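Spelled out from the first residue to the last, the chains are:
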Amino acid sequence: MKKKVLAIILFGSIWGLLECSLGDYLHTHGIGAGIIMAGIAFSIMAYTRFAYDTKGMQLCMASIAAIMRHFNPMGGCLLCASISIFVEGLVFEALWIIPWHKEKSNIIRMGMGAISGYSIYSIGYIATQIITPMITSKFYLRDLISNLPIIIAGATYALIIGAVMLPLILAIPKEIKIRNTLYYTASAAIIALSWIAVIAGI
Amino acid sequence: MSRREFVISVIALLLLATGIASSLYLHSQQINKGDFITVGNEKIFMDDIFKKCRIISVEVNDKGVLKNYTGALLSDIINMSRVKNPEEHKYTVAGPGKEGGLYQKTVEWEDMMNGILTEDKRTIFPDLPRAFWIKDVIKIEVI
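Residues numbered from 1 in each chain as written. Chains lettered and ligands numbered in written order. Predicted model: local features only at pLDDT ≥ 70, side-chain atom pairs only at ≥ 80, totals over all residues.

Trainee: Please give an account of the overall build of chain A that cites residues and values.
Mentor: What chain A contains, in helices and strands, is seven helices and zero strands. The secondary structure elements of chain A, listed N-terminal to C-terminal, are α-α-α-α-α-α-α. The C-alpha atoms of chain A give a radius of gyration of 17 Å, which matches the 17 Å a tight globule of 202 residues would have. C-alpha atoms of chain A, sized along the principal axes, occupy 55 × 45 × 30 Å. Across the 202 residues of chain A, 48% fall into the buried class. Long-range pairs, those at least 24 residues apart, make up 82% of the contacts in chain A with a sequence separation of at least 6. (Helix = DSSP H or I, 4+ residues; strand = E, 2+ residues; numbered from the N terminus. Rg over C-alpha atoms; globule rule 2.2 N^0.38 Å. Buried ≥ 20, exposed ≤ 12 C-beta atoms within 10 Å, placed from the backbone. Contact = placed C-beta atoms within 7 Å.)

Okay, structure coming up:
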């Protein structure tokens, strides 16, 4: 149990750090930040579901990453990004109620990777298009409808990333032997570094 | 192929098909960029905008750094286009999306009174999140 809680904080913090650093970099340089970050988010969530086999864990990780993203002093449109991260966690939990990581068929692995990547990206994006205006201004359905083709077209790339990544992730050995003291120390150090980096705005 | 594999494959392929269809649709949309923007039914040239509208600077928090943006007041641009009772309308600002097609956001008159259009045709709304800032503005619809 202690290990799982630590893993939630660890992977949530790594995800949050990546969103604040790599996500910002990609966004600034116009390199498909949403698509790449959704692919990374899916990979982290799929791996941890596979390794720890615990429902709800990924939503907790997403909550940590969303909090980090929201309070990162360096990011642009913090609200959109943190809403998107949290919704990505929700979508993952909904899709992975069925333990897809236990499937041995590569067709199912690729198919579920594709469905997960597509859904995580598109629903996360749609959620920001609805919730951000509702909180800060006013939501107009016509804006969402007009922007839908852009969202769906982007989701195609997330689908491909998901289809490629899931079979690869599930091929990683599940049991990585590591001494408890090293596990706890290394985890604590990585968590601390991630939070310091985000708060310092690295 | 088992039934499960078949169902998952079909769903994945259907999603892929919607994605490809959306991409094709976006590529079919020709977006003409020029030195003007369309406001309602009027074509307004950038030169005119920067000659006739008030030019102001706004200070916004840009990734932790306070940054100044200078541009023409959006409410003045609307007034140039002779929209009647501008305060009674909403405004949909549209620019090219990353995948092609148009990305748009609708704002209130109050936002137009605070927002600016920069020389590189980017709208800045100091009181709204970045999702509302549109690059390479092509048109402003009056609704």
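Trainee: Any chance you could break down the sheet that holds strand S1 (residues 36-39) of chain B for me, citing the residues and the numbers?
Mentor: Residue and element names in this part refer to chain B. Within the open sheet, the five strands sit side by side as S2-S1-S9-S5-S6. Their pairing is mixed. One side of each edge strand has no neighbouring strand; the edge strands of this open sheet are strand S2 (42-45) and strand S6 (102-107). Within the sheet, the average angular offset between the axes of one strand and its neighbour, ignoring direction, is 20°. (Pairing = 2+ DSSP bridges. Axes fitted to C-alpha atoms, helices over the stretch in contact; angles between N-to-C directions.)

Trainee: Would you mind going over the domain arrangement of chain B in detail, with residue names and values included?
Mentor: Along its sequence, chain B is carved into domain 1 (1-30) and domain 2 (35-142). Using C-alpha coordinates to define each centre, domain 1 of chain B is positioned 36 Å away from domain 2 of chain B. (Domains from an automatic or database assignment.)

Trainee: Let's hear about the interface of chain A and chain B: which residues, and what values?
Mentor: Between chain A and chain B, the residue contacts involve 34 residues of the former and 33 residues of the latter. Looking at the side of chain A that touches chain B, the elements that each hand over two or more residues are helix H4 (78-95), helix H5 (106-136) and helix H6 (141-169) of chain A. Per-element accounting of the side of chain A that touches chain B gives the leading share, twelve residues, to H6(A). A breakdown of the residues in the side of chain A that touches chain B according to their chemical character gives 18 nonpolar, 13 polar and three charged. (Nonpolar A, V, L, I, M, F, W, Y, C, P; charged D, E, K, R; others polar.)

Trainee: Just give me the short version of the nonpolar core, but keep the residues and values in it.
Mentor: With 87 residues, the main nonpolar core has A:Ala41, A:Met61, A:Ala158 and B:Ile77 as its most contacted residues. In this structure B:Ile77 touches B:Val39, B:Ile44, B:Ile49, B:Cys53, B:Ala72 and B:Leu117, once residues within four positions along its chain are discounted. (Core = buried A, V, L, I, M, F, W, Y, C linked by C-beta atoms within 7 Å.)

Trainee: A description of the environment of A:Ala186 should follow, citing residues and the corresponding values.
Mentor: Tracing the chain through its elements places A:Ala186 in helix H7 (residues 180-200). C-alpha separation for the pair A:Ala186 and A:Leu95, spaced 91 residues apart in sequence, amounts to 31 Å.

Trainee: Which residues make up the environment of B:Trp109, and what are the values?
Mentor: All names here are of chain B. You can see Trp-109 is positioned in helix H4 (residues 109-114). Owing to 17 C-beta atoms within 10 Å, Trp-109 belongs among the partly exposed residues under this scheme. Separated by 25 residues in the primary sequence, Trp-109 and Ile-134 have C-alpha atoms spaced 16 Å apart. Discounting residues that sit within four places of it in the chain, Trp-109 has contacts with Pro-86, Glu-87 and His-89.

Trainee: Hey, could you go over unusual backbone geometry for me, with residue numbers and the actual values?
Mentor: Residues and elements named next belong to chain B. One non-glycine residue, Lys-121, lies in positive phi territory at about 60°. Of note in this structure, Asp-136 is not a glycine but carries a positive phi near 50°. Of note, Asp-136 is situated in the loop between strand S8 (123-124) and strand S9 (139-142).

Trainee: Before we move on, can you summarise the packing of helix H2 (residues 33-52) of chain A against H5(A) with the specific residues and values?
Mentor: Between two packed helices, the angle of one axis relative to the other and the distance separating the axes together describe the packing. Residues and elements named next belong to chain A. At a minimum axis distance of 9 Å, the contact between H2 and H5 shows a crossing angle of 125°. The pairing of H2 with H5 is recorded here as oblique in orientation. The hand of the H2/H5 crossing is right-handed. Residues Gly-34, Ile-35, Ala-38, Gly-39, Ala-41 and Phe-42 of H2 form the contact with H5, whose own contacting residues are Ser-116, Gly-117, Ile-120, Tyr-121, Gly-124 and Tyr-125. (Parallel < 35°, antiparallel > 145°, perpendicular 65-115°, else oblique. Left-handed = near helix turned anticlockwise from the far one by under 90°.)

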